[in-house]
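Residues per chain, in single letters:
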Protein chains: 2
Amino acid sequence: MEPVKIGIIGLGTVGCGTVEVLARNADEIARRAGRGIHTKIVAVRDLGKPRGCDVAKLELTSDPFAVVDHPDIQIVVELMGGNDLARELVLKSISNGKHVVTANKSLIAEHGNQIFAEAQAQGVTVAFEAAVGGGISIIKVIREGLAGNRIEWLAGIVNGTANYVLTGMRDQGRDFQTMLREAQRLGYAEADPAFDIDGVDAAHKLTILAAIAFGIPLQFDKVYTEGISELTREDILYADELGYRVKHLALAIRTSDGIELRVHPCLVPNTRLIANVEGVMNALVVKGDAVGETLHYGAGAGAEPTASAVVADLVDVVRVLTSDPNNRVPHLAFQPGALADLPILPMADVKTAYYLRMNALNRAGVLAEITRILGDLEISIEAVLQKRSREGESTVPVIMLTQPTLERYMDQALQQIESLPAIAGKVMRIRVEGLQ
Amino acid sequence: MEPVKIGIIGLGTVGCGTVEVLARNADEIARRAGRGIHTKIVAVRDLGKPRGCDVAKLELTSDPFAVVDHPDIQIVVELMGGNDLARELVLKSISNGKHVVTANKSLIAEHGNQIFAEAQAQGVTVAFEAAVGGGISIIKVIREGLAGNRIEWLAGIVNGTANYVLTGMRDQGRDFQTMLREAQRLGYAEADPAFDIDGVDAAHKLTILAAIAFGIPLQFDKVYTEGISELTREDILYADELGYRVKHLALAIRTSDGIELRVHPCLVPNTRLIANVEGVMNALVVKGDAVGETLHYGAGAGAEPTASAVVADLVDVVRVLTSDPNNRVPHLAFQPGALADLPILPMADVKTAYYLRMNALNRAGVLAEITRILGDLEISIEAVLQKRSREGESTVPVIMLTQPTLERYMDQALQQIESLPAIAGKVMRIRVEGLQ
């Protein structure tokens, strides 16, 4: 059979990885797909810029529209990133009747509803495995592998940079800023590190995962997002003493009242596999009603792990080229007319357990005042860790684990605790997820 | 769209799980697949036997051929197990032009080459996700999710019973027989526990995984298989002291000389996630050249985890009903004409590190004799653990970790060591897998 001709937009890290994997594994890919995949043309912003991969055999253009309008190309691979131009190019590809493969999580999370509707109308596929978890295949697993399940929740470490920073703070006892600088030096952090550190990147990925898990539209604006920049080494060490690891989790949970969508630091029991996912690695736990919990782990970013997902999508698209569009795997796992209108819960209505750390004046009765406030709001205490005050300090750290309570009650409790004369400064609050 | 009509053969644990999941999640499944899945008829061996699931709405028959010959049925779900009758029924289904979904690992491992050739000729699909790792989706991940990779190796805990026994021997310090009886009491062990304990079940699964990973035919008879019944609590505790867990692994490794296919106990560094997979859980690590290592974890058996895979296969088959057979995912991941003729290596040519435990007479010079034998065969010693002799015993346990060497050299070394007058009995040998 004739090779399928593709065009690639963007030849950065992932673009180069894709070109290299397609070339190196051309034989295995053709043995699997039944036909070759030929890179016909590649659009780059700057033709003169040196590349990290061999471009000698590639036809390069500086005009991305030359790719999406190319008459010979059946699949456009969008690896340029960003939202505005990428959206225009993807929509143009679709209206030109071309299939699309993209690694662009922000594009899918923020504009996916429109893109998928256009693709549906044109009978083409937009594949986006590389948008979440690199080559872990988590989109495929949830969308196809768990198709028999009612998904109850999922929890993931989906940003390698944030996990790298947290791992270093614990293992090497270094502080947040030092670890962030190291991640940047090693090239892990995004150009704008705020995307990693503040949880925006994780929120993009969670938006996509929640849609395909629950059959709801993409709703990026409803994700509660909290970053890791407030975490201290002390919190990580106290958590360790209590038997927990601090992880930056993306959580999507089905409750009887609606869906929780939240990205924030969590204490996770150290006996859980996901608590032991270290460095830049990613992992997703998915709980289905039939299968129970499954965990999927691997490199969540990087040139070739991401290229692995891009190429898998290419092979999938090659396979569906001849199939009836109505029988293909739906973009968001559920048929477009069958998405559910489940409410996304505000954080005030979310119930979790809490780790609290406060600086209390070293005098009698303080603990009684705190426990009275918690008791009045029916918040039960699971454990207390009172540290000795350090030389020359008038306050002593008090650490508490609570039983699950509504976030609205915890907000009230913290307001009251912080207004106590015996409490200095703000209370540090980290949610605890037992993942039950 | 009209629901797809299916027939099920076998209503044991997995059959009942499948009936229940299809009924409970009928709405979500139809929202995903775009059409419902209707169980038209179910064949059971004994119509009078009480069932673990609600059969009130099912048409039951005691004749399995009434299912495979049923004119209204498009997909036959074979959940009866065993080889002979199951093979006959699957082949008859295929020749009747029906697609097949099966959970039968021994059938696929031992007769898959014939079954897939027939299916290919008839243009139907035989889906078998449930044959390995329950609902983990490992077949789909390797066959589709990692389609861009050259797979280098895979290593798995694929038999929950064996892992349950090993976990209990370590955590509770109980012996092999006690743990096996407990596994049987809890219903984990297969009817013939030898399948779990001697590694036959794991070898069936490894046969399937290796075929789809490397693009080779199914070759069950070439798998080296060693069970766990010789392992002692002491070995597990010594391994722990050395920083390792003892796991029963199924390994498929691509080397420059051919493919290693082996199932045997291994020491695995306890820092690896797979070393921390406990109880009846399964996990697979797959190393691809692009993606690096990925790990996939979940319940490998049980009614509903297996049903999860059966239903996922049903949804996949429903989706390809209208597609051109040549564009579907090939049964063994690679196109039937593109399988490779890679040799499977004999164990003598396999290179691994070793854990050795021997009982040495408590006298000077013994260690020197042992190290001389190893040294003459160029086997380097990584670590030695010499335990004090126990009260009233004339021998002392000597534990060694070696550097990797060819199994043929280790065989020679052990023959010489066992013939030393200062060594009592056989040397216990467990292979060490660092999974690099």
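Small disclaimer: the values here were computed from a predicted structure and weren't measured.

Trainee: Now, about the overall build of chain A: what can you tell me, with residues and values included?
Mentor: Secondary structure summary: chain A contains 14 helices and 17 strands in total. Over its C-alpha atoms chain A spans a radius of gyration of 24 Å, differing by no more than 12% from the 22 Å that the globule rule assigns to 436 residues. Within chain A, the proportion of its 436 residues that are buried is 54%. At a minimum sequence separation of 6, the contacts of chain A that also span at least 24 residues come to 74%.

Trainee: Before we move on, can you summarise the interface of chain B and chain A with the specific residues and values?
Mentor: As a measure of interface size, the accessible area lost when the parts come together is often cited. Across the contact, 54 residues belong to chain B and 54 residues belong to chain A. Every element with two or more residues in the side of chain B that touches chain A is listed here: α2 (26-33), α6 (138-145), β12 (292-299) and α12 (303-320) of chain B. With nine residues, α12(B) is the largest single contributor of residues to the side of chain B that touches chain A. Looking at the side of chain B that touches chain A residue by residue, the classes come out as 22 nonpolar, 20 polar and twelve charged.

Trainee: How would you summarise unusual backbone geometry if you had to cite specific residues and measurements?
Mentor: Backbone geometry at Ser137(A) places phi at a positive 70 degrees, although glycine is not the residue there. Considering the arrangement of structural elements, one finds Ser137(A) in the loop between β6 (126-127) and α6 (138-145). When the 30 C-beta atoms within 10 Å are taken as the criterion, Ser137(A) is described as buried. Residues other than glycine seldom take positive phi values, yet Ala333(B) does so here, at roughly 75 degrees. By the secondary structure assignment, Ala333(B) is in the loop between α12 and β13 (351-361).

Trainee: Describe the domain arrangement of chain A, and please don't skip the residues or the numbers.
Mentor: Residue and element names in this part refer to chain A. Domain boundaries in chain A define domain 1 (4-134 + 303-338), domain 2 (138-299) and domain 3 (348-432). Centre-to-centre, using C-alpha coordinates, domain 1 lies 26 Å away from domain 2. Each side of the interface is counted separately: domain 1 has 19 residues, and domain 2 has 22 residues. The biggest single contributor to the side of domain 1 that touches domain 2 is helix α5 (residues 105-122), with seven residues. Residues that form the side of domain 1 that touches domain 2 fall into these classes: eleven nonpolar, five polar and three charged.

Trainee: Explain the nonpolar core to me, using residue names and the numbers behind them.
Mentor: Core analysis: the largest hydrophobic core is formed by 303 residues, its most contacted members being Ala252(A) and Ala252(B). When sequence neighbours within four positions are dropped, the list of residues in contact with Ala252(A) reads Trp153(A), Leu154(A), Leu206(A), Leu209(A), Ala210(A), Ala213(A), Ile259(A), Glu260(A) and Leu261(A).

Trainee: Could you give an account of the sheet that holds strand β4 (residues 75-78) of chain B, with specific residues and numbers?
Mentor: Residue and element names in this part refer to chain B. The strand order across the open sheet formed by six strands is β3-β2-β1-β4-β5-β6, and the pairing between neighbours is parallel. On the outer flanks of this sheet lie β3 (60-61) and β6 (126-127), each paired with one strand and no other. Pairing of strand β2 (residues 37-43) with β3, which is carried by two bridges, proceeds in the parallel orientation. Pairing of Val42 across the sheet is with Leu60, part of β3.

Trainee: Explain the environment of Lys98(B) to me, using residue names and the numbers behind them.
Mentor: All names here are of chain B. When you line up the elements, Lys98 lands in the loop between α4 (84-95) and β5 (99-102). Distance from Lys98 to Val68, taken between C-alpha atoms, is 7.9 Å for residues 30 residues apart in sequence. Filtering out sequence-adjacent residues up to four positions away, Lys98 remains in contact with Val68, Ile73, Gln74, Ile75, Val76, Ser93 and Val124.

Trainee: Which residues make up helix α8 (residues 176-185) of chain B, and what values go with them?
Mentor: Residue and element names in this part refer to chain B. Residues of α8 that are buried include every one of Met179, Leu180 and Ala183, and no others. Taken around the axis of α8, the buried residues stretch over an arc of 100 degrees, which confines them to a single face. Of the exposed residues in α8, the ones pointing more than 90 degrees away from its buried face are Gln177 and Arg185. Elements that come into contact with the buried residues of α8 comprise α7 (160-171) and α9 (194-197). Directly beyond the C-terminal end of α8, a positive phi value near 80 degrees is found at Gly187.

Trainee: Pulling in residues and values, what's your account of the pairing of strand β1 (residues 4-9) of chain B?
Mentor: All names here are of chain B. In terms of residue burial, β1 counts as a mostly covered element, since five of its six residues are buried. Note that β1 and β2 share six bridges and pair parallel. Of the residues in β2, the one forming a bridge with Ile9 is Ala43. Here four bridges tie β1 to β4, and the two strands are oriented parallel to one another. The residue of β4 that forms the bridge with Ile9 is Glu78.

Trainee: Which residues make up helix α10 (residues 200-214) of chain A, and what are the values?
Mentor: Residue and element names in this part refer to chain A. The end-to-end C-alpha distance of α10 is 21 Å, a good match for the 21 Å that 15 residues give at a rise of 1.5 Å each. Most of α10 sits out of view: 15 of its 15 residues are buried. Downstream of α10 by a residue or two, Gly215 has a phi angle that is positive, lying close to 70 degrees.

Trainee: Before we move on, can you summarise the environment of Phe176(A) with the specific residues and values?
Mentor: Mapping Phe176(A) onto the fold places it in helix α8 (residues 176-185). The sequence separation of Phe176(A) and Glu230(A) amounts to 54 residues, and the corresponding C-alpha distance is 8.4 Å.

Trainee: Kindly report on the packing of α6(B) against helix α10 (residues 200-214) of chain B, identifying the contributing residues and their values.
Mentor: Residues and elements named next belong to chain B. In contact at an axis separation of 9 Å, α6 and α10 are set at 15 degrees when each is read in the N-to-C sense. With respect to α10, the element α6 is oriented roughly parallel. Considering only the axes of α6 and α10, their crossing is left-handed. Contact with α6, carried on its side by Ile139, Ile142 and Arg143, involves Leu209, Ile212 and Ala213 of α10 and no other residues of that element. Grouping the constituent residues of the contact of α6 with α10 by class yields five nonpolar, no polar and one charged.

What counts and how
- Residues numbered from 1 in each chain as written.
- Chains lettered and ligands numbered in written order.
- Predicted model: local features only at pLDDT ≥ 70, side-chain atom pairs only at ≥ 80, totals over all residues.
- Helix = DSSP H or I, 4+ residues; strand = E, 2+ residues; numbered from the N terminus.
- Rg over C-alpha atoms; globule rule 2.2 N^0.38 Å.
- Buried ≥ 20, exposed ≤ 12 C-beta atoms within 10 Å, placed from the backbone.
- Contact = placed C-beta atoms within 7 Å.
- Nonpolar A, V, L, I, M, F, W, Y, C, P; charged D, E, K, R; others polar.
- Domains from an automatic or database assignment.
- Core = buried A, V, L, I, M, F, W, Y, C linked by C-beta atoms within 7 Å.
- Pairing = 2+ DSSP bridges.
- Arc of directions from axis to C-beta.
- Expected span 1.5 Å × (residues − 1).
- Axes fitted to C-alpha atoms, helices over the stretch in contact; angles between N-to-C directions.
- Parallel < 35°, antiparallel > 145°, perpendicular 65-115°, else oblique.
- Left-handed = near helix turned anticlockwise from the far one by under 90°.

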